[in-house]
Structures are given as C-alpha cells and as structure tokens.
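So you can see what is in the structure, the chains are spelled out below.
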Amino acid sequence: MVTVEYDAVSYHALPKGLINSRHRFKYVLVFLFLAVSVFIFLLRDIVTLEGLSCHTAWLFFPPRNSSCAAYTQKTPQPSQHPVPTFCRHRGPGPTPDEALEDRRLLDAIAWPQPPAGPVPAPLNQTSDPAHSLFAILASRGLRAWRVGDQLEALVQMKDFQGRSKRHGGDFLVARLHSPALGAGVAGRVVDHLDGSYSALFPLPWAGPATATVTMVHSSEAVAVLRRLRERWPNRIFFHSLYRVGNLSETTACLPCLPPDYPLRPLCNHTDPHTGEPWYCYKPERLGCDFRVNHAMGGYQKPLYSKQEALLFRRSGAVRLLFSFVTYISGAFILVPLITRSGVNLKVVLHASGPDSIDVLPQKIGKQSHTVVHSRCYRLWRRLLMGVGGAHLYVFHLGTFVSYSFVVDGQKLENSSTRAELVKYTPAGYYYQSYWKPVGGTPARRFDTSSSITQCLTGKVINMYGDSTMRQWFEYLSAFIPVFNLHRSKMVGPLMAVDSKHNILMKYRCHGPPIRIRPVVVSELRYVANELDGLAGGPDTVVLFSVWAHFTSFPVEVYIRRMRHIRRATVRLLARGPGTLVVIRSANFVAMDQTTSTHSSDWFSLQMDGVLRAMFQGMAVVLVDAWEMTLAHHSAHNIHPPPPVIKNMVDLVLAHVCPDETDKKS
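Source: prediction; values computed, not measured. (Residues numbered from 1 in each chain as written. Predicted model: local features only at pLDDT ≥ 70, side-chain atom pairs only at ≥ 80, totals over all residues. Heavy atoms only, no water.)

Please explain the overall build of the chain as it appears in this structure.
Check the secondary structure of the chain and you find 14 helices and 32 strands. With 665 residues in all, the chain has 52% of them scored as buried. Of the contacts formed within the chain by residues at least 6 apart in sequence, a portion of 75% connects residues at least 24 apart. Of the roughly 30500 Å² that the chain leaves accessible, carbon and sulfur atoms contribute 56%. (Helix = DSSP H or I, 4+ residues; strand = E, 2+ residues; numbered from the N terminus. Buried < 20%, exposed > 50% of the residue type's maximum accessible area, 1.4 Å probe, protein only. Contact = heavy atoms within 4.5 Å. Areas by Shrake-Rupley, 256 points an atom, 1.4 Å probe, with all protein chains shown as cover.)

Here's what the structure looks like:
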C-alpha cells in the first residue's frame, strides 16, 4: 500500500457576500466535491514535479547509434533468422554478404510491436493524444537553463480510457521552437518500451523556447502500416503503353512479382546493368519489346478495415478533457479544457504544466551537467501513472541527486550517484530563420544572384531523383538560364546553362518505381547507371534524392536500390577524386487517412534510417531534410516551402565553395 500524507485544506473563510447563507452549505458541498475531483485527477496525471530534477533511465540503457537522430529506441536483440522476402522477383537472391547487411539494416530500424492481443486492437485501448501528457523536467539543480544544456521532457502515453499504456511503439516527434527569434530545432524521442518516452531538446540559442511533442501514429497504427507494407507490396501500381502502329495496349506494371504469377504471362523489364526488377503484364496482342512509356496507375483500396481506419483520423468531435475550479471576480468558476475526440494522426500532446522556458547565455568556462538515477526514474513513472509514493524529498547536491520516498510502508533512499552524460547533438537548428549546421562546414548565405553564380562558376551540377530534388533545380534555375529541351517541367529531363560563367546544371528523375505522368521509357534512367556515365572530378557536383516513391514498398526494395547507387558512388569517387556527392534525406509530409497507407512519415523514417546507415562513413554530404522540416514552423508538405528550400540549397553551396578561411582551419 502506498501511503500519502498531505495537509488538509480549509475552506472556512469564503469571501463575504459570495453565497447566500440560505444556500451556503449546499454550495460548499458542491465546491468541495469539485475540488476533491480535481485533486484526484492531478494525483493521477501528475507530471510536473517542479523540484524533481531526475533525468530518466535512458541514460542507463543507452540506445544504439540511431540512423535517424530524431527518434531512438532501446536496442533490439539481433535476429538470427533469415531476412523474409516480401517482394519476389526473378533475379538471383542476395549474396551472403548482402544478406548479412540486410539483416543488420533491418535490425537497426526494428520497431517495437504491440503485445499479443486482438487484431485490430479495440480503439479505446489504443494511444490517445488527448489523454496523453508531457512535462518538462526541472533543470537538474541549476537555477536556470543555459545555452549548451539539454532540456528533457517526460511523456506518458495513455489510451482513450485514460489508462497509462504499458508498451512502447508509438511514433512521436519533438521540436523546440521560438517564433519570436525565428528559431527551431528537432528533438530526439527515446522509447522506454513501457508507455513512457523521453523527449530530449538541445538548447542552442538564448531566449524563449517552447517544447512540443507530437504523436504522428499510435503503436497500433504502426502495426497496421507494417502489415500493409509486408502483405500488400503492390498496393500502388503503374501502367505502360505498348504500341505498334495503330495497335496499342496498356497493362499494369509492378516492381514485385504479382500473386497470380506465373498464371498470367509477364514482360520482364529488369534493368540489365543493375538488375533492378520491373515487370508488366504481357499485352494480349503485342510483344514485350514494344513498350513505349511509363506512368502512374493507381492505388489498391480499401486496404484496411473500418476499425483500422479509425487509427488514422485527422478530425473528431469536440469533447471535455477535464475541468478545474478557479475564483474570478467574487465567484467560483468551473473552467473546462476542451479537446478533439478520436483524433490520432499528427496530434500535438498537451503539456502538464509550462511548456516554455527561458534560456540564458552560456557561461564562459563552465559546463552543464546531466544527472539521472534509475530508481528516481521509477519513482517518477509511478507518480506519473497514478501509483506514486509520498514523503518525496529532493536535494540538489551539485551534480548529484538524493531523494527518499515511501512505498508500501518502506522508506527507500538512493545513494548519491554520478551518471554518465549522454547528449543529443542535432544536425543543426534555425535561428532568425536561417539554418545553422552543428559541426562540419559552417553555413553561408547566398542571397544574391552574383554570389550563387560566382560559387558555381566552372561547375557541372548533376541532379537525380524525385520531385523533392527537382525543387532544388527550380530554385537555382532562377539564377541560371534554363535551356529548353522541350520536355515537361514535371517530368524532365531539364537543363540550365550559363555560358558566361561556364555553368551546366541538369536534372533527371530516377527510374521506376516513380509515380509520375507518362514519360518515354528511354528517358527513364536508373541513378546508378547515370553515375557510371560521369567522369567526375573537382568540377563535378552530384546531388540525388531517392525516397518519396519507395514508401509503399517493402524495405528490401529500397535497400537494393540504395546498394546499387552506393556502389556506383564508390566507383565515381575512385575514378574522379574531388567529386562532391550530396545526398538529400527524406522529409515530413502532409498525411490523411488515405495517404497514410502509402506515404506515411513512418515509412519515410524507416527508409531514412537505411539511407544513413548505408552511406555512413563515405565521403559524401548529407543534407538532413528530416530535421530541417521538423525544426521549421511551416506545415509539413512533401514539397517544403521556399524558405526551407533556400536553406537547403545554401547548405549545398557552402560545400561547393567553402569559405577560404574555413579551408585553412
């Protein structure tokens, strides 16, 4: 039994004239009932112990080096089972080395699965952002937060019945921002696999800062997305036109062998150089050699049940979350807190207590510290889940923490313990609306046409990928004249030429799968093949972004594509020393119930982890579009707004022509 001691509150001295003496006793009873109800609610959902400076147990269970800086979990146990195949193809299987890498990559992005139970889980047992809360923890015994410190918030997820979740797997993201300063930075979310999470925020600027935690998907929704990815690999399909003279036929095309293979004959359009598989149903009256174009076909639906669809809701009915009593202008007022019921797709969680802090400038010669003790974390969790202890005392002893509390009649005390410092370092942050990278090449601003053309003078810029890369071409084409190739601007290929400054810039979309309007097959090239056609050298810049059109397919499809591009990159760097290769990562997108089935941020996160792991340690530059879109105040969109694009391109240009003083240093 948990013992709780507190001083009784007296309500004998109510203001005169507030209540008529005839009804005084009735109103006092009503007020006492409301006050006790609020007090019980706060005991149940308390997450703002202002004096508690304990950091959570993630320091004692350090996660593996995450391939995605914005979300980490406890390290899963490596699997010894063969890699399952969810996308069959005719070609040879992976080599032993490739199979080993596949397993390591899949283990690196492994996601916690919900406990065994009914599938799908009843909605009232799934994660509800309206009931879930987060709280900023105190400043570790320091009087104030300073630049260079790390802010931590504790998150407790609850279901639609208000019960604390007992397992992890929710997809949460965190952001610290300051609209007044035009500042923002991505946080890191650590999953403790018990329904609680830590949100870690670096403090890179001085001034006001507000923390937000958003539930992108519940753990139950992630389970549905995983099933769709594995069991419906061809839920997006494509078309190709076959034509001879006046005779033409259009058939469906897929990257994975369809379930009815080999009952229906197929045309095998696998790339002979990379081995990338691609199949189309054979036309009834034409041969496979008469394929003319490639185009987006459509989406298979419905893909999930009506009950599963409730896990991807963007709107819901207004309802009362809870209420509290306050005294205003001589009367006691019942104040409701209103929220939306049933909304569980990209929803910001409520903060229990203040969600903003003031950050002071860093003191010269002093370093900040982070302290945690695992038993302190357990105390916090019990209080947060409504099981807590009393007689709670916290004493700050420099960089040590001491506490005692009573549980089941026994007094437990910790020994002063120094914990190892674990700190999250972001890729960069916004300040005054400009992106400032952390480490590496310093940021530079290219605000004029002359500064951009001067930087790119004598360069050949080769861009490959999807429309998120085409955005970079479109931005730079405002400063470099476009050469009309009489191709669609949405499809390409595109070219821009500045003969005066000897600048050549080209863009070409990547090979299938790609959701695009009809494009001639001869113009549809694989990035690896294009890289093999470059000589390379100090005047060559290669930029590519390949992710948005792979989100609906099993991860193995993306791994295979990145493996071919990586090999071609290695060959290019070997034969052309000095070649600059820049990779653009995935970014957040707008989602609804339909688009979540094929373009969810969770799919992008998984592929982003694969991308980072596969190119780690190589002489390439990563533009972290994931953090740059998470940290920015704009609404998520597959095509980020112009301010974000400018910051991305400025970062690329800073690597193309770094400042001479930076080179010397």
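Got a minute to help me understand the nonpolar core in this structure?
Generally speaking, nonpolar side chains in soluble globular proteins are found buried as a group. Counting 68 residues, the largest nonpolar core has Phe 171, Leu 531, Phe 544 and Phe 615 as the members making the most contacts within it. In terms of nonpolar packing, the next biggest core, distinct from the first, is built from 43 residues, Trp 435, Met 463, Ile 503 and Ile 514 among them. (Core = buried A, V, L, I, M, F, W, Y, C linked by side-chain atoms within 4.5 Å.)

Is there a simple way to think about the environment of Ser 449 in this case?
Tracing the sequence through the fold places Ser 449 in helix α6 (residues 449-456). Taking relative accessible area as the criterion, Ser 449 reaches 36% and is therefore assigned partly exposed. Note: C-alpha distance between Ser 449 and Leu 476 (27 residues apart in sequence) is 9.4 Å.

Just checking my understanding: could you explain the pattern of salt bridges for this structure?
Note on pairing: side chains with opposite charge can pair once their charged atoms come close. In total, this model carries 24 salt bridges according to the counting rule given. Between Asp 107 and Arg 103 there is a salt bridge; the shortest N-O distance is 3.4 Å. One end of the pair, Asp 107, and the other, Arg 103, are both in helix α2 (residues 96-108), four residues apart, so they sit about a helical turn from each other. The same class applies to Asp 107 and to Arg 103, which are both buried. (Salt bridge = Lys/Arg side-chain N within 4 Å of Asp/Glu carboxyl O.)

I would appreciate a short explanation of the packing of helix α7 (residues 467-476) against helix α13 (residues 642-656) in the present structure.
Working note: a packed helix pair is described by the angle between its axes plus the distance between those axes. One way to put it is that α7 packs onto α13 with a least axis distance of 10 Å and a crossing angle of 85 degrees. For the element pair α7 / α13, the angle class is roughly perpendicular. Contacts between α7 and α13 involve Gln 471, Trp 472, Tyr 475 and Leu 476 from the former and Ile 645, Lys 646, Met 648, Val 649 and Val 652 from the latter. A per-class count over the contact of α7 with α13 returns seven nonpolar, one polar and one charged. (Axes fitted to C-alpha atoms, helices over the stretch in contact; angles between N-to-C directions. Parallel < 35°, antiparallel > 145°, perpendicular 65-115°, else oblique. Nonpolar A, V, L, I, M, F, W, Y, C, P; charged D, E, K, R; others polar.)

Please clarify how the state of the cysteines should be interpreted in this entry.
A disulfide bridge is the covalent bond that connects two cysteines by way of their sulfur atoms. Per the counting criterion, the structure on display carries four disulfides. The disulfide bridge from Cys 253 ends at Cys 280, spanning 2.0 Å between sulfur atoms. Residues Cys 253 and Cys 280 share a disulfide whose torsion about the S-S bond is about 105 degrees; that sign makes it right-handed. Within this pair, whereas Cys 253 is found in strand β11 (residues 247-254), its partner Cys 280 is found in strand β13 (residues 279-281), the two being separated by 27 residues in sequence. Since its relative accessible area comes to 0%, Cys 253 is described here as buried. We classify Cys 280 as buried; its relative accessible area is 0%. (Disulfide = S-S within 2.5 Å.)

Before we go on, may I ask you to explain the sheet that holds β11 in this structure?
Think of a sheet as strands paired side by side through backbone hydrogen bonds, with each pair either parallel or antiparallel. Pairing in this open sheet of six strands is antiparallel, and the strands run β12-β13-β11-β10-β14-β29 from one edge to the other. Looking at the sheet topology across the chains shown, the edges are occupied by β12 (266-268) and β29 (519-520). Across three bridges, the pairing between β12 and β13 is antiparallel. Bridged to Leu 266 within β13 is Tyr 281. (Pairing = 2+ DSSP bridges.)

Even after reading the chapter, I still don't get the packing of helix α9 (residues 555-575) against helix α11 (residues 601-615), so can you show me in this structure?
Viewed as axis vectors pointing N to C, α9 and α11 meet at an angle of 30 degrees, and their least axial separation amounts to 10 Å. Taken together, α9 and α11 sit at an angle that is classed as roughly parallel. Crossing of α9 against α11: the hand is right-handed. Residues Val 555, Tyr 558, Ile 559, Met 562, Arg 563, Ile 565, Arg 566 and Thr 569 of α9 lie in contact with α11, whose contacting residues are Met 607, Val 610, Leu 611, Met 614 and Phe 615. (Left-handed = near helix turned anticlockwise from the far one by under 90°.)

Looking at this structure, how should I read the confidence of the model for the chain?
Note that predicted coordinates carrying low pLDDT should not be read in detail. Averaged over every residue, the pLDDT of the chain is 81; residues scoring 70 or more account for 73%. Counting contacts from residues 1-22, a segment whose pLDDT is below 50, to residues more than four positions away or on other chains yields 30 contacts. Taken as a whole, residues 368-377 scores under 50 in pLDDT and shows 45 contacts with residues more than four places along the chain or in a different chain. (pLDDT = per-residue confidence, 0-100.)

Looking at this model, I keep getting lost on the sheet that holds strand β30 (residues 540-545). Mind explaining?
One open sheet holds the seven strands; their spatial order is β26-β27-β28-β25-β30-β31-β32, and the pairing between them is mixed. Two strands in the sheet have a free side with no partner beyond their single neighbour: β26 (482-483) and β32 (621-623). Relative to strand β28 (residues 503-509), α7 is tilted by about 155 degrees, and along the sheet it contacts β25 (460-465), β27 (494-498), β28, β30, β31 (580-584) and β32.

I'm lost on unusual backbone geometry in this one. Help?
Trans is the prevailing form of peptide bonds, just as negative phi is the prevailing case for residues other than glycine. Of note, the amide linkage connecting Tyr 261 to Pro 262 takes the cis form, showing an omega dihedral of 5 degrees. Tracing the sequence through the fold places Pro 262 in the loop between β11 and β12. With omega at 5 degrees, the peptide bond leading from Gly 492 into Pro 493 counts as cis. Mapped onto the elements of the fold, Pro 493 is located in the loop between β26 and β27.

In this structure, what is going on with helix α3 (residues 219-231)? I would like to understand it.
Structural remark: α-helix, 3.6 residues per turn; residues separated by three or four positions point the same way. Between the first and last C-alpha of α3 there are 18 Å, a value that for 13 residues agrees with the 18 Å anticipated at 1.5 Å per step. Burial analysis of α3 places ten of its 13 residues in the buried class, which makes it a mostly covered element. Turning to α3, its buried residues are Ser 219, Glu 220, Ala 221, Val 222, Val 224, Leu 225, Arg 226, Arg 227, Leu 228 and Arg 229. The secondary structure elements touched by the buried residues of α3 are β5 (171-178), β9 (207-217), α4 (306-309), α9, α10 (596-599) and α11. (Expected span 1.5 Å × (residues − 1).)

Would you explain α9 in this entry?
Helix length check: α9 (21 residues) gives 31 Å between terminal C-alpha atoms against 30 Å at 1.5 Å per residue, within 8%. Taking burial as the measure, the 21 residues of α9 include 15 buried ones, the bulk of the element.

Would you take a moment to explain the pairing of strand β10 (residues 236-244) for this structure?
Side-chain direction in a regular strand flips from residue to residue, so the side chains alternate between the two faces of the sheet. Relative to strand β14 (residues 293-299), β10 runs antiparallel, the two sharing four bridges. Bridging from a neighbouring strand, Phe 237 pairs with Gly 298 of β14. Here β10 runs beside β11; their pairing, made up of seven bridges, is antiparallel. Residue pairing for β11: Val 244 is matched across the bridge by Leu 247. Between β10 and β11, which follow one another and run antiparallel, lie two residues, and Gly 245 among them has a positive phi close to 60 degrees.

I tried to follow the pairing of strand β24 (residues 434-437) on my own but got confused; where do I start?
Of the pairings in the sheet, the one linking strand β23 (residues 428-431) to β24 comprises four bridges and is antiparallel in character. Across the sheet, residue Gly 428 finds its bridge partner in β24, namely Pro 437. Between the antiparallel neighbours β23 and β24 lie two residues, among them Gln 432 with a positive phi of about 55 degrees.

Help me understand the environment of Phe 171, please; the structure alone is not making it clear to me.
Take Phe 171: it is sitting in strand β5. Spatially, the C-alpha atom of Phe 171 lies 9.2 Å from that of Asp 191, the residues being 20 residues apart in sequence.

I would appreciate a short explanation of the environment of Val 147 in the present structure.
Relative to the helices and strands, Val 147 resides in the loop between β3 (145-146) and β4 (150-156). Remark: the alpha-carbon pair of Val 147 and Leu 203, spanning 56 residues in sequence, is separated by 5.2 Å. Contacts of Val 147, omitting those with residues within four sequence positions, involve Leu 203, Pro 204, Trp 205, Ala 206, Val 359, Leu 360, Pro 361 and Gln 362.

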